[in-house]
Amino acid sequence: MQGRIRRRYVQERIFRGLGMAALALAAGFLVFLLATIIGSGWNSFRATEVRVTVTFDAARLGVAAAAAKADPQLLAKANFQGIMTDAADAQFGRTVRLVSDGAWLTLRDMAQADPSIIGTTQEVWLLTTSHIDQLAKGAFDLTLAEGDRPVTDADVALWKRLDAEGRLRTGLNMLFLTGADSVDPELAGIRGALVGSFLMLIITLAISFPLGVLSAIYLEEFAPKNRWTDIIEVSINNLAAVPSIIFGLLGLAVFLNTLNMPRSAPIVGGLTLALMTFPVIVIASRAAIKAVPPSIRDAALGIGASPVQVVLHHVIPLALPGMLTGTILGMARALGETAPLLMIGMRAFLTSVPEGFTQPATALPVQIFIWSDNVSRGFVEKTSGAIIVLLIFLLLINGLAIYLRNRFEVRW
Amino acid sequence: MSGLTLMFAAAFGLGALAWWLGRRKALGFVAAPGGDTIGAVHSLPNYHGAFVAVLALLPALLVLAFWGLAGDGIVSREVLAGLPAPSRPAPGLDQAAFLSEVRGLVRGDYAAAFNPVAAEAAKAWAHIEQRYAAVFGLAALAVGLMGALWGWTRLRPDFRARSRVERLVMGVLMLASLVATLTTFGIVLSLIFESLRFFQMVPVTEFLFGTKWSPQTAIRADQVGSSGAFGAVPLFWGTVFIGAIIAMIVAIPLGLMIAIYLTQYAAAGFRKVAKPVLEVLAGVPTVVYGFFAALTVAPAVRDFALSIGISDASSESALAAGMVMGVMIIPFVSSMADDALAAVPASMRDGSLAMGATPSETIRRVLIPAALPGIVGGVLLAVSRAIGETMIVVMAAGLAANLTANPFNSVTTVTAQIVALLTGDQEFDSAKTLSAFALGLVLFLVTLTLNIYALSVVKKYREAYD
């Protein structure tokens, strides 16, 4: 008898341990995921620069200092690539690409800020190519044979020499936050994708919030119980569970092929995401309306308010925090959504920041997807960096929702 | 488009003016002798104002909306008709390409025209568009003013402005709630319409029961291997294998045990810490899971497979995608199980504990059997979510349509194929592109059935204990 009880207690402990282990496993996975992403992504916020002695030769540039001062427009066409290549070739040799193709923009900015440097020789910190950048950040295992790693021995030798000479420095990578996509990892930034996501979320919010709140009010406060209402309820509940990629197919068939809206545009993405988010907002808003106690409605009706006045003056203000929380959570989901946007062509390669709702754009999650396809080490880092930015935004949005809930929620 | 925006802004300005006029007239009723006794004026001044504003705004907005939606069609027809007959593009694809070039020129997207006729047409387009915009803008102004005037003359102390306005509010509410139904119909119709076109090219039976998937369409009729194979069975199998088998093997035990531990064992303080972990797990975007699966999990799975002697392990394996998807689904399963366990009456649990059963015996022998329908319903919902999941499989499962039960091999899924078929170059009447819609239709119907069935199971089960 005692033995059996002991056995049963052992089983009890094992069962309990299993529960704890399951939770630990899930938490461990989350920690591992975040650690992997942050570990490989934080470097994307840093960039390696090399000190180069550049001669702003007026003849090579094609612009003289005096002319540039008189007409700054001339600098836009000047041959900064030329003086940069000259300097790099003279100091590091032609065999290895050291200075990034886009680094001449730094020279142009310098000249535009102060045209008098034309004709002088300057020490300039220029962005390096991704290989040197990755070497400086220690991304490659140099114990491997040359054929097994993506960098050549020549790259490594150059990097070691420059590092010993103190001509390399690693600083904050502003380009990652201010630039758009590029074929060179060291020049690629996420601003274009962020702006695209932002434009899209504006459309999504502007459409799904009013629609969602209005239909929630109708269904919860006014709708008669009949077959029509049932159909509406069933379709809302089902839409909330339809796979997101189906919304992408809908957007492709209706917005692009039938209504001829521009491809890859934030307005189409926003509309598609709005259709996807709207049922989520309806469900959250209905819960918020349901939580408003009937006594408040009865009191308002009792002193002569009409049903519409009851809703507008009492129910909506009281349910608004709950509705807003649901809306914000829906927006967070829309921000992280990728699949429907791929369907409507938002995976275009764009090197400029979108400026309007109808211009081609991409979104942050789609940018992550595009970069993740690229095997080069520099883009792996950028992908993780973009994921960090996306997660920070999601954290902020969700934090706002939690704050709103705690600040304004009333328990009746 | 900025012209249209301006017109809409003007319409709203007109509405505001109408509101102010109506309100002013109603304030006059109250100020009149005897007007301040209760019941002398039926509605508050704001309702009178709103009534006039609606009568001004609604017709104007309708006219503008018509212009916004149909304007492009009207102008393009006129532009085409205005072109000399020999240079007019043939209806169909040519015409669509021509018009899109013209539109691009008008918008300023293209610096120069590729087609000289398009440059001519773009000039005509701008001219014609301007003319029509003026006509429609004036028409909108006229109907708006007429509406406002008519509404304004109807205002009287006993006019039931509030009832009118409230009736309109109800109409707006009803329309908003119809959007959900319209979206559902839109999905169903567009999927069915495109699928029917696909099934004219490929028989339904071949699509549903064929075992070879290689979606190619010939550019020329005499091309070798011109006929693609559209047997979707390997895709269905891959979807089930990843979403309903591997992912569930991970998600069901973990999710269930987490729910049991958190509801039955954990102290309230610990629950407060553990819940956010699950919420974060649920809130991570799927593209992040996909990247993680492709970057970290898939190589690890492949190395593991090679180390136990499986030589044909692929770098994109069903196991990697399925496992990560399983982890993604854990919070979902655990919250469904949580609800199901919470719905079991406390008396059943107390009775079992009072008879001397240990907590784990109570959970295994009483709570879980009692909550089983709810848990099964939750699992079905989780399956429906897993098979509709796209990004993880696109990034980690690959595109090779293998009919294999080896989890280390690469399989492809319905969603991964839809993405592969519809990104990149596409022509809209090829079987290749249309097959994506047929796959979408199957996916929609399966998830819909699963959802409806699972929700009815969960509902019935909840009612049983109420």
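Residues numbered from 1 in each chain as written. Chains lettered and ligands numbered in written order. Predicted model: local features only at pLDDT ≥ 70, side-chain atom pairs only at ≥ 80, totals over all residues.

A. Inspection of the overall build of chain B at higher detail. Within chain B one finds 15 helices and two strands. Scaling as 2.2 N^0.38, a compact globule of 466 residues should have a C-alpha radius of gyration of about 23 Å, whereas chain B reaches 32 Å, well beyond that. Projected onto the principal axes, the alpha-carbon positions of chain B cover approximately 85 × 80 × 40 Å. Looking at chain B as a whole, 44% of its 466 residues are labelled buried. Here the analysis covers contacts within chain B between residues at least 6 apart in sequence; of these, 74% occur between residues at least 24 apart. (Helix = DSSP H or I, 4+ residues; strand = E, 2+ residues; numbered from the N terminus. Rg over C-alpha atoms; globule rule 2.2 N^0.38 Å. Buried ≥ 20, exposed ≤ 12 C-beta atoms within 10 Å, placed from the backbone. Contact = placed C-beta atoms within 7 Å.)

B. Layout of helix 13 (residues 266-290) of chain A. Residue and element names in this part refer to chain A. An ideal rise of 1.5 Å per residue puts 36 Å on 25 residues; helix 13 measures up with 35 Å between its terminal C-alpha atoms. If you look at helix 13, its biggest bend is around 30 degrees, right at T277, and the proline P279 turns up within four residues after that. In terms of residue burial, helix 13 counts as a mostly covered element, since 21 of its 25 residues are buried. (Expected span 1.5 Å × (residues − 1). Bend = angle between axes of the 7 residues up to and from the residue.)

C. Broad picture of the packing of helix 7 (residues 233-265) of chain B against helix 12 (residues 359-388) of chain B. All names here are of chain B. Remark: helix 7 packs on helix 12, axes separated minimally by 10 Å, with the N-to-C direction vectors making an angle of 140 degrees. With respect to helix 12, the element helix 7 is oriented oblique. Here helix 7 and helix 12 pass one another in a crossing that is right-handed. For the pair helix 7 and helix 12, contact is made by T239, G243, A244, A247, M248, A251, I252, I260 and Q264 and by P359, I363, V379, A382, V383, A386 and I387, respectively. (Axes fitted to C-alpha atoms, helices over the stretch in contact; angles between N-to-C directions. Parallel < 35°, antiparallel > 145°, perpendicular 65-115°, else oblique. Left-handed = near helix turned anticlockwise from the far one by under 90°.)

D. Region of the structure containing the nonpolar core. Residue and element names in this part refer to chain B. Counting 253 residues, the largest nonpolar core has A293, A321, V324, V333, I392 and A396 as the members making the most contacts within it. At 19 residues, the largest contribution of residues to this core is made by helix 7. The contacts of V333, once residues within four sequence positions are left out, are A251, I252, G255, L256, G378, V379 and A382. Of all hydrophobic cores here, the second largest spans 10 residues; its members include L99, V102, L105 and A122. (Core = buried A, V, L, I, M, F, W, Y, C linked by C-beta atoms within 7 Å.)

E. Region of interest: the interface of chain B and chain A. Between chain B and chain A, the contact holds 63 residues from the first and 67 residues from the second. For the side of chain B that touches chain A, the leading source of residues is helix 5 (residues 161-201) of chain B, giving 19 residues. Partitioning the side of chain B that touches chain A into residue classes produces 41 nonpolar, 19 polar and three charged. (Nonpolar A, V, L, I, M, F, W, Y, C, P; charged D, E, K, R; others polar.)

F. Here's a closer look at the environment of A64(A). All names here are of chain A. By the element assignment, A64 lies in the loop between helix 2 (58-61) and helix 3 (65-70). A residue is classified by how many C-beta atoms lie within 10 Å of it, and A64, with 15 of them, is partly exposed. Counting along the chain gives 10 residues from A64 to L74, while the straight-line C-alpha distance between them is 9.5 Å. Apart from the residues lying within four places of it in its own chain, the contact partners of A64 are A58 and I118.

G. Examining the sheet that holds strand 2 (residues 121-127) of chain A more closely. Residues and elements named next belong to chain A. Strand order in this open sheet of three strands is 2-1-3, and the pairing throughout is antiparallel. Where the open sheet ends on each side, the last strands, each with one partner, are strand 2 and strand 3 (168-172). Taking each pair of neighbouring strands and ignoring which way they run, the sheet shows an average axis angle of 40 degrees. Sheet topology note: the strand 1 (residues 46-55)/strand 2 ladder contains seven bridges and is antiparallel. Paired with T55 across the bridge in strand 2 is T121. (Pairing = 2+ DSSP bridges.)

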